[in-house]
Protein chains: 4
Amino acid sequence: MEKKSIALACRMDSERALDLTKRIHDFLIKKKNEIVYLETRIAPKILPHSGRDLSEMTSENTKFIVSIGGDGTLLRVSSGLSQSEPPPILGVNIGSIGFLDESNERNVFKDINKILSGDFTIEKCSKITAYIVKNKSEEIKLGNALNEILIVSSKNSKVLQISVKVNGAFLNRSYLDGIIISTATGSTAYNLSAGGAIVKPSLDIMQLTPLNPFARSGLKPLVLPTNSEIEIQLLRPRLNAKILIDGQRIIKEVQPNTKIRIRKANAYAKFIRISLSDNYFRRLRKKIIGTIRVPLDDSPEEY
Amino acid sequence: MEKKSIALACRMDSERALDLTKRIHDFLIKKKNEIVYLETRIAPKILPHSGRDLSEMTSENTKFIVSIGGDGTLLRVSSGLSQSEPPPILGVNIGSIGFLDESNERNVFKDINKILSGDFTIEKCSKITAYIVKNKSEEIKLGNALNEILIVSSKNSKVLQISVKVNGAFLNRSYLDGIIISTATGSTAYNLSAGGAIVKPSLDIMQLTPLNPFARSGLKPLVLPTNSEIEIQLLRPRLNAKILIDGQRIIKEVQPNTKIRIRKANAYAKFIRISLSDNYFRRLRKKIIGTIRVPLDDSPEEY
Amino acid sequence: MEKKSIALACRMDSERALDLTKRIHDFLIKKKNEIVYLETRIAPKILPHSGRDLSEMTSENTKFIVSIGGDGTLLRVSSGLSQSEPPPILGVNIGSIGFLDESNERNVFKDINKILSGDFTIEKCSKITAYIVKNKSEEIKLGNALNEILIVSSKNSKVLQISVKVNGAFLNRSYLDGIIISTATGSTAYNLSAGGAIVKPSLDIMQLTPLNPFARSGLKPLVLPTNSEIEIQLLRPRLNAKILIDGQRIIKEVQPNTKIRIRKANAYAKFIRISLSDNYFRRLRKKIIGTIRVPLDDSPEEY
Amino acid sequence: MEKKSIALACRMDSERALDLTKRIHDFLIKKKNEIVYLETRIAPKILPHSGRDLSEMTSENTKFIVSIGGDGTLLRVSSGLSQSEPPPILGVNIGSIGFLDESNERNVFKDINKILSGDFTIEKCSKITAYIVKNKSEEIKLGNALNEILIVSSKNSKVLQISVKVNGAFLNRSYLDGIIISTATGSTAYNLSAGGAIVKPSLDIMQLTPLNPFARSGLKPLVLPTNSEIEIQLLRPRLNAKILIDGQRIIKEVQPNTKIRIRKANAYAKFIRISLSDNYFRRLRKKIIGTIRVPLDDSPEEY
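Note that the coordinates shown come from a computational prediction; the quantities given were computed from them, not determined experimentally. (Residues numbered from 1 in each chain as written. Chains lettered and ligands numbered in written order. Predicted model: local features only at pLDDT ≥ 70, side-chain atom pairs only at ≥ 80, totals over all residues. Heavy atoms only, no water.)

**Brief notes about the overall build of chain A**
Condition: A run of DSSP states H or I qualifies as a helix once it reaches four residues; a run of E qualifies as a strand once it reaches two. Both are numbered from the N-terminal end. For the radius of gyration, the atoms used are the C-alpha atoms, and the globule rule reads 2.2 Å times the number of residues raised to 0.38. Remark: exposure states derive from per-residue accessible area (1.4 Å probe, protein chains only) relative to the maximum for the residue type, with buried under 20%, exposed over 50%, and partly exposed in between. We call two residues contacting when some pair of their heavy atoms lies within 4.5 Å. We get accessible surface area from the Shrake-Rupley algorithm with a probe of 1.4 Å; when it comes to residues, only the shown protein chains can shield them. In this tally, Asp and Glu contribute negative charge and Lys and Arg positive charge; neither His nor the terminal groups of the chain are included. In this description, the location of a charge corresponds to atom NZ of lysine, CZ of arginine, CG of aspartate or CD of glutamate.
Along its length, chain A carries 6 helices and 19 strands. Relative to the compact-globule value of 19 Å for 303 residues, chain A shows a C-alpha radius of gyration of 21 Å, a close match. Taken over the C-alpha atoms alone, chain A extends approximately 70 × 60 × 35 Å along its principal axes. The 303 residues of chain A split such that 63% are buried. In chain A, once contacts between residues fewer than 6 apart in sequence are set aside, the share between residues at least 24 apart is 67%. Roughly 11,400 Å² of accessible area belongs to chain A as shown, and the carbon and sulfur atoms make up 48% of that amount. The distance from the centre of the 46 positive side-chain charges to the centre of the 32 negative ones in chain A is 4 Å.

In structure tokens:
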């Protein structure tokens, strides 16, 4: 059996990310016992011939992969890895928020040492898949999403008209800019900006959140079990839609009357978490929701 | 073993509810094989000596109980029955919305016949419990909620300041009117009006939704697994809170600095559903969210 | 002085709109005393040689113009007419909502007779203008908006980072999909879907409404006097924006660091209103917000 | 003519407020030329016999009044002064937010010197009044509000059913906890927490904002000219409402079927503003909405 390696992936358009990647690479190489791969496209910039395609990395051949960048990098890496047997990912944030990332520039070397000592846990996150319905018996698979599937009007200011079914039952017809179907992992991303609820990633759910619906449309954020099937039909003549998977892969020119189905994928992501206790709620406060900072003893006036 | 009976409960302040209850009572009595009980407080108005306390009704001695009224009646009935072994409830709506109710004045006789033929399913819904923390080792149980626990300022226009912990981890400090911890069943009730997400009742979750928070507070609707423990601490000196359980039982004069904990209860409700297929999404559209009614062929103008 | 004429404009892509336009044309021609013009592009389809460009129509030469279509048609017509001295517009809705339209297929002939008898009022609505700041002393005017100026990321799922100033004072920096600056007239359009308030069109205001802002951004719908100057600066490197005026005219490829200013325009629209009393609140209920339909005597249960 | 005096008012339940009031009192007394009054209820604690009732203070006899506390104190002071000819108020914040306050503990002495040198401007803010309709020709005036009139269910968890008319026209019927009619000044207070828009105080408007409405009710925040008349009718049998004026004066046990009307008051508040330029937008950012703090050069990743 092949000895398991450590892999590195990073944002390409950031000198800071590339530089940190080099330093992590050197740090690992010095450990002597570790085999290190670089994702193919960055190998020429750091160490040629040490490249390996993300798609060839599995939990069989890779201890873990370090993703250096922000949430966008992490989504790209997760999307490129083996889908059903992915290696775990250590996210290292160098961006502005990086909610999914566990580590950062300051802690990454210490965190890698902890991982190599076995001092970590794995957070396993479900993905969802979108399909375009061709006819009654045929579906075209569009790809897996770790955060969300977004179906959105191809023209700003021209609202879609859609019909929503869940498990075959008609739920609602709406005018709206688009619709988000997010995972629990993606609930703090676009879903939250659109008014959806935050969902702890350990819950196996899908959330359907309308994007800027017309006032009387009625559709509200709806949390469903992941064994549900959501079907969105585009109704408006002469108005195409786009489908975005994790904000990265785009399917353009989706025609009126098309039906799109979303179901749980046979795919997931595994994130490395270092903290002994669950630091989800701390990350949520620090990176997403914040808190008030007022005196604790502020009492209401009595008259 | 005691032969299982059928029980009837209803709204007391509505002639229409009492009248329908009498008609259902007569309908059941005529079936000869059925033993019928009335909840104690309505027995004198329909058939004295046939009364039985809700608290004595269990799945052991009661086939099912018919709750005639609206969601409020159903919440009261569920709260009165045996908590860990309750009989299933058939909700009969005579009110204005009655989302939880499966039946109505028109269908109830037909629906009861279906149930007696075994033509129904059971929807089992988890409850949650609130506790007041007395000291490190002591908690006072406040009661089980099927819909929600509401912690709210005892004075309109005097906002609470609260601290929220989940599983012992500090999440957020906020100014707000109050906070709702709802079950999936209660997600379409007060939680929805306050901006929380709708959650399919088959999901075993709790949702934490702030009530009219101050803009910078940051707290957002948050969906958590039911094995979570939520702790709310009241911070504002000289401002008491009230705790409402399912909008019915009220704990007044909860003092500043009190900690309230919410956890999954060892209790549940069982609702009878008649439809062969899941009619949850139909009820959601018809009773809660609605839909637009515009021409299907409405196309955007081209210039 | 030229005798004032009546003008007709309509949606081009709808047979139903063209057909109604023909019938209104015939109806007016039969009146003998009326001179009727068709907007240039529809003249060939109805009566060649009777065409006139919208831009040549002013309150001096045109009694009123009938706009047959929906709100989109009406926005296009208003944008094409003389900006500072426009003739009044009678909107005739054949679309799905047509909030701004006063009339419809059923009432239009009766309504035109009322107008010709002087039985109407004029609602005068302010417009706003967007400018791109070239340097300290130079601005490029982008055009007048009756509903709204929308500044939006050129890529779905890539949020803008913007800085907002009002009257030269720094207000807020946000991550968001975009920002809407709407007039009172446009407050029921995209502004409402994005969470902005409805504003009665008689109020001379601008409303700034963020589009799907990141949770901690803080920006909220803000209503300002129309003598305010709003300045939006695009901050995010390598991410362009688009500017949409009334959802119709698009300025693409607006570069990072660009400043866009919005001020009241020296331009307005005039809408014909037939009803003696103000029917604004009726239109608001019927076309935009709706109402509940439950029994008036629904009382809360007493326990 | 009486020489104009300076008056001091403060929160009674705060030692810190009383202490600061004493220091301001001493500071003013030392100026020799100034006559200083204390609001009646605090005089015994600072200098007996120098008390004067708020209701006797007018712009005729009082240069300005210093309000030491937070927004609540300022609302109380404004409510106690002469309504049609009030002296201007300098708000001094010692509380947690104090949005309306211009000054604070650190700046108050410097700011008072500026005012005495004439170095200030006056912000004049309109009030609104609520009336209970007794019969067709009779109304009972309830009092003037600087921030808002709140009509709210007398029971938590029992929603009101109300009918809303504006200028005599039926707008909407809703289920909700209550309804807020706020001024522009009050738009950043309870109105904002309930989802209403922020309105610059120089705008002469009223905003109608529903409090936790049932999903299908449809009512949305609505900004109206202050010459509008809003009429709210309580519809639900057996459910009383409370009316709160600026969160301070409470009218209890308002019966079902009561009609409440809100109109512009013949009353206003005058706030002293020290800054030469308008510091409204700075106060808005610092005290209410906040801003993100992320790197300005954060660019989206390119793939």
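**So, the relation of the copies chain B and chain A**
Stated formally: Here the copies were fitted onto each other by least squares, based on C-alpha atoms from residues at pLDDT of at least 70 in both.
Once chain B has been moved 0.0 Å along the axis and rotated by 180 degrees, it coincides with chain A to within an RMSD of 0.0 Å. In symmetry terms, the pair is related by a two-fold rotation axis. Measuring from the rotation axis to each C-alpha of chain B, the shortest distance belongs to A197 of chain B, at 2.9 Å. A shared binding surface is used by both copies, with 100% of the interface residues of chain B retained as interface residues in chain A.

**Overview of the pattern of salt bridges**
What counts is decided by this rule: Only one rule defines a salt bridge in this text: a Lys or Arg side-chain nitrogen within 4 Å of an Asp or Glu carboxyl oxygen.
For the structure on display, the rule yields 64 salt bridges over all chains. Close ionic contact of R76 of chain B with E39 of chain B constitutes a salt bridge, the shortest N to O distance being 2.9 Å. Linking R76 of chain B in helix α3 (residues 71-80) with E39 of chain B in strand β2 (residues 36-39), this pair joins segments that are 37 residues apart in sequence. On the accessibility criterion, R76 of chain B (12% relative accessible area) is buried. Note on E39 of chain B: relative accessible area 3%, which makes it buried. The salt bridge partner of K264 of chain B is D204 of chain B, with a shortest N-O separation of 2.7 Å. Taken together, the residues K264 of chain B in strand β19 (residues 259-273) and D204 of chain B in the loop between β13 (198-199) and β14 (205-211) connect sequence positions 60 residues apart. Owing to a relative accessible area of 34%, D204 of chain B belongs among the partly exposed residues under this scheme. Residues joined in a network through salt bridges with shared partners are E139, E229, E231, R261 and R263 of chain A.

**Quick word on the relation of the copies chain C and chain B**
It takes a turn of 180 degrees to lay chain C on chain B, together with a shift of 0.0 Å along the axis; the resulting RMSD is 0.0 Å. Mapped onto chain B, 100% of the interface residues of chain C are again interface residues, and the two copies thus contact each other with one and the same surface.

**Remarks on the packing of helix α1 (residues 15-29) of chain C against helix α4 (residues 108-116) of chain C**
Relative placement of two packed helices is described by the angle separating their axes and the distance separating the axes. Residues and elements named next belong to chain C. Heads up, the rule is: Axis definition: a line fitted to C-alpha atoms, over the contacting stretch in the case of helices. Angles run 0 to 180 degrees between N-to-C directions. Orientation is classified from the angle alone, with under 35 degrees giving roughly parallel, over 145 giving roughly antiparallel, 65 to 115 giving roughly perpendicular, and any other angle giving oblique. Helix crossings are classified by the rotation of the near helix relative to the far one: an anticlockwise turn of less than a right angle makes the crossing left-handed, while a clockwise turn makes it right-handed. Each residue is assigned to one class: nonpolar for Ala, Val, Leu, Ile, Met, Phe, Trp, Tyr, Cys and Pro, charged for Asp, Glu, Lys and Arg, and polar for all the others, Gly among them.
Contact geometry of α1 with α4 gives a least axis separation of 11 Å together with a crossing angle of 40 degrees. By the criterion of interaxial angle, the relationship of α1 to α4 is oblique. Regarding α1 and α4, the two cross each other, and that crossing is right-handed. Judged by residue contacts, L20, R23, I24, F27 and L28 of α1 engage V108, F109, I112 and N113 from α4. Partitioned by chemical class, the residues of the contact of α1 with α4 number 7 nonpolar, 1 polar and 1 charged.

**Side note on the environment of A145 of chain B**
Residue and element names in this part refer to chain B. Its place among the elements puts A145 in strand β8 (residues 138-145). In this structure the C-alpha to C-alpha distance between A145 and I132, which are 13 residues apart in sequence, comes to 15 Å. Residues contacting A145, with those up to four places away along its chain left out, are K127, I128, T183, I245 and D246.

**Some points on the sheet that holds strand β12 (residues 178-183) of chain C**
Counted only if it meets this: A pair of strands is considered paired only if DSSP assigns at least 2 bridges between the two.
Taken together, the 7 strands give an open sheet; going across it, the order is β18(C)-β17(C)-β9(C)-β12(C)-β14(C)-β15(C)-β13(D), and neighbouring strands pair in mixed fashion. Every interior strand has two partners, whereas the edge strands, β18 (249-254) of chain C together with β13 (198-199) of chain D, have only one. Relative to strand β14 (residues 205-211) of chain C, β12 of chain C runs antiparallel, the two sharing 6 bridges. For T183 of chain C, the partnering residue across the bridge sits in β14 of chain C and is M206 of chain C.

**Observations concerning the packing of aromatic side chains**
Going by this rule: Side-chain rings of Phe, Tyr and Trp, where Trp is taken by its six-membered ring, are said to pair if the distance between their centres is within 6.5 Å; with planes under 30 degrees apart they count as stacked, over 60 as edge-to-face, and otherwise as tilted. A ring has a charge above it when a Lys NZ or an Arg CZ is no more than 6 Å from the ring centre and no more than 35 degrees off the ring normal.
Evaluated as defined, the whole model comprises 16 aromatic pairs over all chains. For the ring pair Y175 of chain B and F214 of chain B, a centre distance of 6.2 Å and an interplane angle of 75 degrees mean the geometry is edge-to-face. Separated by 39 residues along the polypeptide, Y175 of chain B in strand β11 (residues 169-176) and F214 of chain B in the loop between β14 and β15 (222-225) bring together distant segments of the chain. Grouping residues by exposure puts Y175 of chain B and F214 of chain B together as buried. A network of ring pairs unites the aromatic residues F99, Y280 and F281 of chain A as a single cluster. One Lys or Arg, R283 of chain B, reaches over the ring of F99 of chain B and ends 4.9 Å from the middle of that ring.

**Here we look at unusual backbone geometry**
Both trends apply: most residues other than glycine have a negative phi, and most peptide bonds are in trans. In this structure, N167 of chain B is a non-glycine residue whose phi angle is positive, near 50 degrees. Among the secondary structure elements, N167 of chain B is positioned in the loop between β10 (160-166) and β11. The phi dihedral of K32 of chain D falls on the positive side, at around 65 degrees, and the residue is not glycine. On the secondary structure map, K32 of chain D appears in the loop between α1 (15-29) and β2 (36-39).

**Digging into the interface of chain C and chain B**
As a reminder of what qualifies: As a working definition, buried area equals the accessible area (1.4 Å probe) given up by two parts on being put together, with both sides summed. Side-chain atoms alone can form a polar contact between residues adjacent in sequence; in general such a contact is a pair of N or O atoms within 3.5 Å, and within protein one must be able to donate a hydrogen while the other accepts it.
With 19 residues of chain C in contact, the opposing surface of chain B contributes 19 residues. Buried surface at the junction of chain C and chain B, both sides included, amounts to about 1,500 Å², of which 47% is carbon and sulfur. Counting the contacts that link chain C with chain B gives 0 salt bridges. Remark: the boundary between chain C and chain B carries 2 residue pairs in polar contact (both at pLDDT 80 or more). Residue composition of the side of chain C that touches chain B, by class: 6 nonpolar, 5 polar and 8 charged.

**What to know about the interface of chain B and chain A**
Contacts between chain B and chain A engage 55 residues on the former and 55 residues on the latter. Buried area between chain B and chain A, summed over both chains or domains, comes out near 4,800 Å², and the portion from carbon and sulfur atoms is 60%. Across the pair R236 of chain A and D298 of chain B runs a salt bridge whose closest N-O atoms are separated by 3.3 Å. At the surface where chain B touches chain A, the tally comes to 26 residue pairs in polar contact (both at pLDDT 80 or more). Those elements that place two or more of their residues in the side of chain B that touches chain A are β10, β11, β13, β14, β15 and α6 (280-289) of chain B. Of all the elements, β11 of chain B adds the most residues to the side of chain B that touches chain A, at 7 residues. The class makeup of the residues in the side of chain B that touches chain A is 30 nonpolar, 11 polar and 14 charged. Direction of pairing for strand β15 (residues 222-225) of chain A relative to β13 of chain B: parallel, over a ladder of 2 bridges. Bridged to L222 of chain A within β13 of chain B is I198 of chain B.

**Observations regarding the confidence of the model for chain A**
Spelled out, the test is: The predictor attaches a confidence to each residue, called pLDDT, with possible values from 0 through 100.
For chain A, per-residue confidence averages 95 on the pLDDT scale, and residues scoring 70 or more make up 99% of the total. The ipTM assigned to the predicted complex is 0.96, against a pTM of 0.97.

**Focus on the side chain of S193 of chain D**
Take S193 of chain D: it is sitting in helix α5 (residues 190-193). Engagement of the side chain of S193 of chain D in a polar contact is seen with the backbone oxygen of P213 of chain B, the distance being 3.2 Å. When near neighbours in sequence (up to four residues on either side) are disregarded, S193 of chain D contacts N212, P213 and F214 of chain B.

**A closer look at the sheet that holds strand β17 (residues 241-245) of chain B**
What links the strands of a sheet is backbone hydrogen bonding, and the strands pair in either a parallel or an antiparallel sense. Taking strand neighbours across the sheet as the criterion, the 7 strands line up as β13(A)-β15(B)-β14(B)-β12(B)-β9(B)-β17(B)-β18(B) in an open arrangement whose pairing is mixed. Pairing within the sheet leaves two strands with one partner each, and these edge strands are β13 (198-199) of chain A together with β18 (249-254) of chain B.

**Quick notes on helix α4 (residues 108-116) of chain B**
Residue and element names in this part refer to chain B. This is how the line gets drawn: In this description, the arc belongs to the directions extending from the helix axis to the C-beta atoms.
Inspection of α4 places V108, D111, I112 and I115 among the buried residues, and these make up the whole buried set. Looking straight down α4, one finds that the buried residues subtend no more than 100 degrees of arc, so they occupy a single side. Residues of α4 that are buried in the fold lie against α1 (15-29), β4 (62-69), β5 (89-93), β6 (103-104) and β19.

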